[in-house]
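If you want the building blocks of each chain, they are given just below.
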Amino acid sequence: MNIERTLILVKPDGVARGLTGEVISRVEHKGYKVVALRMLQADRALLLKHYAEHEGKPFLEPLVEFMMSGPLVALVAEGNRVIEGFRKLAGVTDPTVAEPGTIRGDLARDQGTKVIQNIVHGSDSVESATREIAIFFPEL
Ligand code: DAT
Ligand code: MG
């Protein structure tokens with residue numbers, strides 16, 4: 001067995017556009033189990049921790065501002081190879097080139113903003129997932 005957990009965020013653009021249910025639906029329809037869920041208004045400290053790997057990059061400040069621009073929905077999904085599986089469901093970072101059929105490919109586009117707005121975050125490794133889940137769900 002290779003049961004994993006991953007952190008998924010429906011970013012403020014996704015929540016504002018009423019796409020939270022659509023994202024959760026795709027996760028559930030794929031067969032993953034939602035094991036934790038919360039809506040929150042993230043603050044700078046939490047986001048700098050979450051995005052620590054991007055320290056020093058020019059898009060970090062616009063990214064943090066964007067992620068504080070409204071409520072987001074955090075969830076933990078569980079299943080065999082869910083980390084890789086959700087990254088495939090999400091599609092690549094740039095929504096213009098993300099494949100149709102993916103969350104980003106179907107639901108997002110270039111908005112001409114400093115930071116790419118692409119509806120969802122998904123952990124990219126077991127180490128990231130463990131770290132990120134602890135930030136958003138310290139009780140788990
Ligand atoms: P991903 O979310 O696909 O894991 P990432 O971790 O490299 O991508 O970056 C985090 C977020 O930052 C990403 O979802 C959108 C934004 N971003 C990444 N690279 C960017 C760039 N070159 N210009 C603007 N925004 C960017
Ligand atoms: Mg990433």
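Everything discussed here concerns the structure shown above.
Here we summarise the structure given alongside this text. Keep in mind the model is a prediction, meaning the values are calculated, not measured.

Turning next to the side chain of Ser128. Turning to its location among the elements, Ser128 is positioned in helix H7 (residues 126-136). The buried category is assigned to Ser128, whose relative accessible area is 13%. A polar side-chain atom of Ser128 sits 2.6 Å from a polar atom in the side chain of Asp124. Among the polar contacts listed, one links the side chain of Ser128 to the side chain of Ser125, at a separation of 2.9 Å.

What follows deals with the site of ligand 1. Every residue close to ligand 1 is listed here: Lys11, His54, Phe59, Leu63, Arg87, Thr93, Arg104, Lys114, Val115, Ile116 and Asn118. Separating an oxygen atom of ligand 1 from a side-chain N or O atom of Thr93 is a distance of 2.6 Å. Within the backbone of Ile116, an N or O atom sits 3.1 Å from a nitrogen atom of ligand 1. Look at ligand 1: alone it shows 510 Å² of surface, and the protein chains cover 77% of it. Each residue belonging to the shell around ligand 1 can be placed in one class, and the counts come to 4 nonpolar, 3 polar and 4 charged.

Turning to the environment of Lys114, a few remarks are in order. Take Lys114: it is sitting in the loop between helix H6 (103-107) and strand S4 (120-122). On the basis of relative accessible area, Lys114 is assigned to the exposed category, the value being 78%. Here the alpha-carbon distance between Lys114 and Asp94, two residues 20 residues apart in the chain, equals 13 Å. Contacts of Lys114, omitting those with residues within four sequence positions, involve Phe59 and Pro62.

The next subject is H7. Of all the positions in H7, only Ser128, Ala129, Glu132, Ile133, Ile135 and Phe136 are classed as buried. The buried residues of H7 occupy an angular sector of 155° when projected down its axis, which confines them to one face. Opposite the buried face of H7, by more than 90 degrees, sit the exposed residues Glu127 and Thr130. In this structure, the buried residues of H7 make contact with strand S1 (3-10), strand S2 (33-40), helix H3 (44-50), strand S3 (72-80), helix H5 (82-90) and S4.

For the rest of this paragraph, the subject is the pattern of salt bridges. Per the counting criterion, the structure on display carries 6 salt bridges. Where Arg44 meets Glu65, a salt bridge forms, and the shortest distance between an N and an O atom there is 2.8 Å. Placement of Arg44 in helix H3 and of Glu65 in helix H4 (residues 60-67) is noted, with a sequence separation of 21 residues between them. Salt bridges here are not isolated pairs; linked through shared partners, they connect Glu22, Arg26 and Asp106.

Here Arg81, not a glycine, exhibits a phi torsion of approximately 55°, which is positive. Here Arg81 lies in the loop between S3 and H5. Under the relative-accessibility criterion, Arg81 is labelled partly exposed at 48%. Positive phi values are uncommon outside glycine, yet Ile119 reaches one of about 70°. Residue class for Ile119 comes out buried when judged on its relative accessible area of 0%.

Scoring rules and cut-offs
- Residues numbered from 1 in each chain as written.
- Chains lettered and ligands numbered in written order.
- Predicted model: local features only at pLDDT ≥ 70, side-chain atom pairs only at ≥ 80, totals over all residues.
- Heavy atoms only, no water.
- Helix = DSSP H or I, 4+ residues; strand = E, 2+ residues; numbered from the N terminus.
- Buried < 20%, exposed > 50% of the residue type's maximum accessible area, 1.4 Å probe, protein only.
- Polar contact = N/O pair within 3.5 Å; in protein donor to acceptor, adjacent residues only side chain to side chain.
- Near = heavy atom within 4 Å.
- Areas by Shrake-Rupley, 256 points an atom, 1.4 Å probe, with all protein chains shown as cover.
- Nonpolar A, V, L, I, M, F, W, Y, C, P; charged D, E, K, R; others polar.
- Contact = heavy atoms within 4.5 Å.
- Arc of directions from axis to C-beta.
- Salt bridge = Lys/Arg side-chain N within 4 Å of Asp/Glu carboxyl O.

So, to be careful, I would describe these as geometric facts and stop short of saying anything about function.
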